[in-house]
Amino acid sequence: MSNDGTLNSQPCGGLDNDYDGCGVIFPRTSPGTLLCQLCKKLKKEGLTDDEVAHLKCGICGTNMSSPCGTCKRKAHEENGTPDPEAIASQARRRNAIEGRLHRPLGPSTPESELSNFVTIYVECHLSHKPGSVDRTLSTYCAPYTETMMFIALQENIVKLVNPKWTSKHVSDLLVSETELRVRGNLVLSDLGIGMMSLCDWYNKYNHPQTRASHIQVPAGALKGNKSGRAISLELFIDTDQYEECTGEDHSGGTNVGKSTSSRQKAKCTRGNGTLLQTSVAKRLRSDENAVLTSSFRRDAVTGHPALVSTSNKITFQQTICTIDQDGKYTLTEQGATEQGLLARNTLFLSAADRGKTKDVYLLIIENQEYVAKKLFYVGQGHGQLTIQDACKFLTADLIRLKRLSYFETKLTQRVIQEGVDTAAFQVSDSLIIKTYSNAGHVVDVEVELQTPISEDIILTHEPTLIYLVEPRRVSSAVLKFSGTLGVCNRTDKRSATIMAFSHFVLESSACEYMFADLQGSIDHGILHDTESVLTMFDPMTHTPLGESGLGDHGFEGIHDFVDSHECSAICHSLKLCEMSAIQNTLWKLEEEVTMDEET
């Protein structure tokens, strides 16, 4: 390259190869250069046959030894002999690293295994902004086996992209909505390489004429993965096709139910990875006069439940709740007593994650950690509640949690039935403990954990305190999806799933039951402890009679959701009823409740 930035366009040896060169164009050499460095060395006088053979391996440089390191290594590989220089160099590097880390290094991956991988660098581009890398999806870099086909590679990359994609969108990307391209917007499918392996691609295009366009990775993109083979690609996402399948617009909002163009009205819904031509706005039950029916039974107004005690060492009895297939609850108090260790001080939680009505304590039962929640505030001033009031409200919270799990199971059945892509979530397990004072003394937790449980327990006549108990979760950070009143219509996949769940519960219960104040935190999955999943807890509810517990705003709360909810693509894919059917059912229920009150 000249000082003014002009690139060389003349091949080595001249246009007619008058100087007997290799004929390769080296753009960065100075214009007018007759021969490349390798050809100059080959034409040097006095070279032996061995030196010429080593130079023809293709590796050349000003300070390159003869034979070069690559030729030495190949010679040892062919002869099956160890390379003393390479072994000594590895030992020096290993010693230097161990000296800096102050500990020995573990076994390294054999070079033979590393050579079987190709590093893939991917930039993500959206069809409505093809010229720049998308800020949310950014870039990805990972090694893949050299035998992987490009079809499988595309599927794998889409899986990597989807977690970030669904942070802004309702549904996962499908492979059919993406294309793999090389830098410069060249579509790989146009090259007919779907069944080509990464190794075949690399070998085919790793030449000076095609390396820059088909192989070369941007400078600095590989960071620590600088050695070995690497290929640079672009993942092109067809946002128009995605929007036609989900009803979203570029901003992530939904077009469903809005005034749309004729093209937008011809939407499609997704199911099991296939595209079904239909209207997104169309639902199965669109009768404006429809009224919902349900087998879910409304709770009768109940009396007051029961009681509990606090000290470091506690004796308690459990109360559990089960829900039958119609949604009706049964409370069972176990007769056997148990012992545990209850922290005297509340758990430290940030102001944003701390509840407004309950204090949270660490509870250890048989070496397992739980959280015990004690009610302290019900909107009538901060202070100690009576055992009767605490028992009444915490029992209502236990029933809410178990019904949340009941409806989550029903939603999962609908999701499987319709083949809908939703975000996974689960519901915290829960029970109530009533504590009885037997010792009332402070204990050493480490010692007590090793002490057998006493079978000689004398209980006080009445329980002293009551707690709602749940397994301790991995994270205490709370993710909020709705308030007691008020709905957040965010466009990410997880939020859309939770709001569709609220819609589903209203439909399933025919407006007899609705969840509000939906929140959760990240925890281990029930089926796979290695996976993290959203765990829901502490919901509020609204019911026609307003008697389901603290925060039940009755019809006002249900109307607040109905007036605010915006159906997402998940609602439509689940084939949930229109909000007009919910509204009609609410009006009918209000008339029935009013007539009952008058009589």
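Each chain carries its own residue numbering, running from 1 in the written order of its sequence. Local features are withheld for residues below a pLDDT of 70 in this predicted model, meaning they are given only at 70 or higher, and side-chain atom pairs are given and counted only at 80 or more; totals for whole chains, interfaces and linings count all residues. Water and hydrogen atoms were dropped before computing side-chain values, which therefore reflect all heavy atoms in the structure.

## What about the overall build of the chain?
Then comes step 1: Helix and strand assignments follow DSSP, with helices taken as H or I runs no shorter than four residues and strands as E runs no shorter than two, numbered in order from the N terminus. What the chain contains, in helices and strands, is 16 helices and 20 strands.
Then comes step 2: For every residue, the accessible area obtained with a 1.4 Å probe (protein chains only) is divided by the maximum for its type, and the residue is called buried under 20%, exposed over 50%, and partly exposed between those limits. Relative to its 599 residues, the chain shows a buried fraction of 43%.
Then comes step 3: Contacts were defined at the residue level, with two residues in contact if any of their heavy atoms lie within 4.5 Å. Long-range contacts, defined here as pairs at least 24 residues apart, represent 67% of the contacts in the chain between residues at least 6 apart.
Then comes step 4: Accessibility throughout is a Shrake-Rupley quantity obtained with a 1.4 Å probe, and a residue counts as covered only by protein chains that appear here. A total of about 32300 Å² of accessible surface is found on the chain, and carbon and sulfur atoms cover 51% of it.

## Concerning the pattern of salt bridges
Then comes step 1: Salt bridges are counted wherever a side-chain nitrogen of Lys or Arg sits within 4 Å of a carboxyl oxygen of Asp or Glu. The tally for this structure, following the rule as stated, stands at 17 salt bridges.
Then comes step 2: Of the charged contacts, one joins Glu98 and Arg94 as a salt bridge, the two residues approaching to 3.5 Å between their closest N and O atoms. On the criterion of helical spacing, the pair formed by Glu98 and Arg94 is a turn pair, its members being 4 residues apart in helix H4 (residues 84–101).
Then comes step 3: The exposure class of Arg94 is partly exposed, given its relative accessible area of 32%.
Then comes step 4: Here Lys402 makes a salt bridge to Asp429, at a shortest N to O gap of 2.9 Å. Note that Lys402 is positioned in helix H11 (residues 387–418) and Asp429 in the loop between strand E13 (425–427) and strand E14 (431–436), a separation of 27 residues in sequence.
Then comes step 5: Taken together, the shared-partner salt bridges in this structure form one network comprising Lys373, Glu470, Arg473 and Asp538.

## Quick look at the packing of helix H14 (residues 554–564) against helix H16 (residues 579–598)
Then comes step 1: Simply put, an axis is a line fit to the C-alpha atoms, just over the touching stretch for a helix, and the angle between two N-to-C directions goes from 0 to 180 degrees. Between H14 and H16, whose axes approach to 10 Å, the crossing angle comes to 165°. One way to sum up the angle between H14 and H16 is to call them roughly antiparallel. By crossing handedness, the relation of H14 to H16 is classed as left-handed. Residue-level inspection shows Phe555, Ile558, His559, Phe561, Val562 and Asp563 of H14 in contact with H16, the latter providing Met579, Ile582, Gln583, Leu586, Trp587, Leu589, Glu590 and Val593.
Then comes step 2: Only Asp, Glu, Lys and Arg are considered charged in this grouping, and only Ala, Val, Leu, Ile, Met, Phe, Trp, Tyr, Cys and Pro are considered nonpolar; every other residue, Gly among them, is considered polar. Classifying every residue of the contact of H14 with H16 by side-chain character gives 10 nonpolar, 2 polar and 2 charged. Orientation labels follow simple angle bins: below 35 degrees gives roughly parallel, above 145 gives roughly antiparallel, 65 to 115 gives roughly perpendicular, and whatever is left gives oblique. Handedness of a crossing follows from how the near helix is turned relative to the far one, being left-handed for an anticlockwise turn of less than a right angle and right-handed for a clockwise one.

## Regarding the confidence of the model for the chain
Detailed reading of the predicted model is not advised wherever pLDDT is low.
Then comes step 1: Values of pLDDT, the confidence the predictor places in each residue, fall between 0 and 100. The pLDDT averaged across the chain works out to 78; a share of 75% of its residues lies at or above 70.
Then comes step 2: Across residues 304–311 the pLDDT falls below 50, and counting only partners more than four positions away or on other chains, this stretch makes 42 contacts in the model.

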